[in-house]
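Analysis of the macromolecular model
One letter stands for each residue in the lines below.
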Amino acid sequence: AAKAAGKGCVRRHGEAADSATGRRTRLARDLPDALARGELRLEYQPVVGTVERRVLGVEALLRWDHPVLGPVPPAEFVPLAEDDGLIVPLQRWVLEQATAELAGLLRQGRDLQLGVNISVRHLQSGSLVPDVAAALARSGLPPRRLMLEVAESLFLGQPDRADGDLQTLHDMGCVISLDDFGRGYSTFAHLTRLPVDVLKMDREFLAGIEADERSAALVHTVIELGRRLSIDVVAEGVETPGELAALQVLGCRYLQGHLLGRPVGPEGLAAVIDSFDATLLDGEPAAAGGR
Ligand code: C2E
Ligand code: MG
Ligand code: MG
Ligand code: MG
């Protein structure tokens, strides 16, 4: 369809690429081959435990380096993949790569968990369960090491077969996390319906957390909710020492964000994990000025 539209178009090359539609069309056209051409890769971002004072896990984040357009963010191309069914082979690749990578790090004696973002389309396709099982079998990664991150917005609809598949993955021993918790429309009811082990609290919650009592109270409530339901709460998008300090006062035990570590490619990952500077968590001046 993208090709047909392109042919009928009399616009010149540069013009089409300049417009948002042109970019979208081009990305949608190029994405199917991106994997084969080796333009897709994964980065990994650390998740830190404040009590353990170390990197407890990493989240796999998909990257596309387009040969002409440069880096394309996943928020832009994942939806395109979801539109035309590419998402399933794409997610399969992500699962295979990431589980193999993590299994390697574990074999070297590290104690880590892997977070993989899951698309609702993959869940609805019915192939997520066999795809996860295959990735675990091939890599030898124990299921409890794999956390499947599912965005909360996916569950706005009625309960459906996807719920059953999530339950199956949970029964297999995988960890289920609700990603972007609190972004957009939230409903606590999801927490009773779905087998959720971890809440990833959206970065939006951090806005005003240092100065505004009401913002802090909200975050405190999410952490308390997690405690009562035996759900671990991870704060996403921690960028400043002030946010970190406020989160620690509020009892948040798990942190992710640029302050603790940016996403890195597999070649730099072991060093990031092994040389994590725990004094960051103490809010020392060196840490405050360090990043
Ligand atoms: P997410 O799962 O909520 O991932 C966290 C996002 O926050 C990542 O953006 C990460 O780079 C960014 N981030 C981390 N620390 C900070 C910080 O301190 N400040 C700010 N402002 N941002 C921070 P990224 O990599 O652009 O990914 C965006 C979204 O794309 C992800 O949100 C996830 O929903 C989706 N995504 C990424 N990889 C995959 C994938 O393999 N499959 C699927 N289905 N979706 C993916
Ligand atoms: Mg995520
Ligand atoms: Mg998130
Ligand atoms: Mg987020």
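Numbering of residues begins from 1 in every chain and follows the order in which that chain's sequence is written. Following the order in which they are written, the chains are lettered starting with A and the ligands numbered starting with 1. In keeping with the model being predicted, local features are shown solely for residues with a pLDDT of at least 70 and side-chain atom pairs are shown and tallied solely at 80 or more, while totals for entire chains, interfaces and linings include all residues. The basis for the side-chain values is all heavy atoms of the structure; hydrogens and waters are excluded.

Looking at an unreviewed UniProt entry, the protein chain carries the name PAS domain S-box-containing protein/diguanylate cyclase (GGDEF)-like protein, with the source organism given as Modestobacter roseus.

1. Describing the overall build of the protein chain
We apply this condition: A run of H or I in DSSP becomes a helix once it reaches four residues, and a run of E becomes a strand once it reaches two; helices and strands are each numbered from the N terminus. A simple rule labels every residue: compare its accessible area, found with a 1.4 Å probe on the protein chains alone, to the largest value its type can have, and call it buried under 20%, exposed over 50%, or partly exposed in between. Here a residue-residue contact requires only that any non-hydrogen atoms of the pair lie within 4.5 Å. In this description, accessible areas are obtained by the Shrake-Rupley approach with a 1.4 Å probe, and a residue is regarded as covered only by the protein chains that are shown.
When helices and strands are counted, the protein chain shows 13 helices and nine strands. Burial analysis of the protein chain (291 residues in total) assigns 47% to the buried set. Long-range pairs, those at least 24 residues apart, make up 67% of the contacts in the protein chain between residues at least 6 apart in sequence. With the model as given, the accessible surface of the protein chain reaches about 14,200 Å², and the carbon-plus-sulfur share is 53%.

2. Remarks on the site of ligand 1
This is how the line gets drawn: If even one non-hydrogen atom of a residue comes within 4 Å of a molecule or strand, that residue is called near it. Any pair of nitrogen or oxygen atoms within 3.5 Å is treated as a polar contact; in protein, a donor-acceptor pairing is required on top of that, and neighbouring residues in sequence qualify only through side-chain atoms on both sides. Each residue gets one label: Ala, Val, Leu, Ile, Met, Phe, Trp, Tyr, Cys and Pro are nonpolar, Asp, Glu, Lys and Arg are charged, and the others, such as Gly, are polar.
Inspection of the region around ligand 1 gives 22 residues, with R63, Q91, D179, E239 and H258 positioned closest. D179 is positioned such that a nitrogen or oxygen atom in its side chain is 2.8 Å from an oxygen atom of ligand 1. Burial of ligand 1 by the protein chains amounts to 78% of its free accessible area of 790 Å². Elements that contribute at least two residues to the shell around ligand 1 include exactly β2 (54–66), α4 (74–83), α5 (87–107), β4 (113–118) and β6 (175–181). Top contributing element to the shell around ligand 1 by residue count: β2, with four residues. Split into classes, the residues belonging to the shell around ligand 1 amount to eight nonpolar, seven polar and seven charged.

3. Digging into the coordination of the magnesium ion (ligand 4)
Just so we agree on the cut-off: The donor set covers N, O and S atoms within 2.8 Å of the metal, switching to 3.2 Å for Na, K and Ca, and it leaves out water, so a site may look short of donors.
Protein coordination at the magnesium ion (ligand 4) comes from D180 (OD) and E236 (OE), with a distance range of 2.6 Å. Distance-wise, the magnesium ion (ligand 3) is placed 2.7 Å from the magnesium ion (ligand 4), both being coordinated by D180. You can see D180 sitting in strand β6 and its partner E236 sitting in the loop between β8 (232–235) and α11 (241–249), a full 56 residues away along the chain. Of the residues examined, E236 reaches a relative accessible area of 12% and is grouped as buried.

4. Overview of the coordination of the magnesium ion (ligand 2)
Perfect tetrahedral coordination of a metal by four donors corresponds to 109.5 degrees between them, and perfect octahedral coordination by six donors corresponds to 90 or 180 degrees. The coordination sphere of the magnesium ion (ligand 2), as far as protein atoms go, consists of E59 (OE), N117 (OD1), E149 (OE) and D179 (OD), spread over 2.0 to 2.2 Å. Ordering the donors of the magnesium ion (ligand 2) by residue number gives the pattern E-x57-N-x31-E-x29-D. Distance-wise, the magnesium ion (ligand 3) is placed 4.1 Å from the magnesium ion (ligand 2), both being coordinated by D179. Taken together, the residues span a long stretch of sequence, with E59 in strand β2 and D179 in strand β6 at a distance of 120 residues. You can call E59 buried: its relative accessible area is 5%. Judged by relative accessible area, D179 falls into the buried class, the value being 6%.

5. A few points about the nonpolar core
Keep this limit in mind: Within this scheme, the nonpolar core is defined by two criteria: the residues are buried Ala, Val, Leu, Ile, Met, Phe, Trp, Tyr or Cys, and they are joined through side-chain atoms within 4.5 Å.
By size, the foremost hydrophobic cluster in this structure holds 79 residues, and its most contacted members are L114, L146, L247 and L260. Looking at this core, the element that brings in the most residues is α5, giving eleven residues. With residues up to four places along the chain from it excluded, the contact list for L114 reads Y44, V58, A60, A98, T99, L102, L141, R145, L146 and M147.

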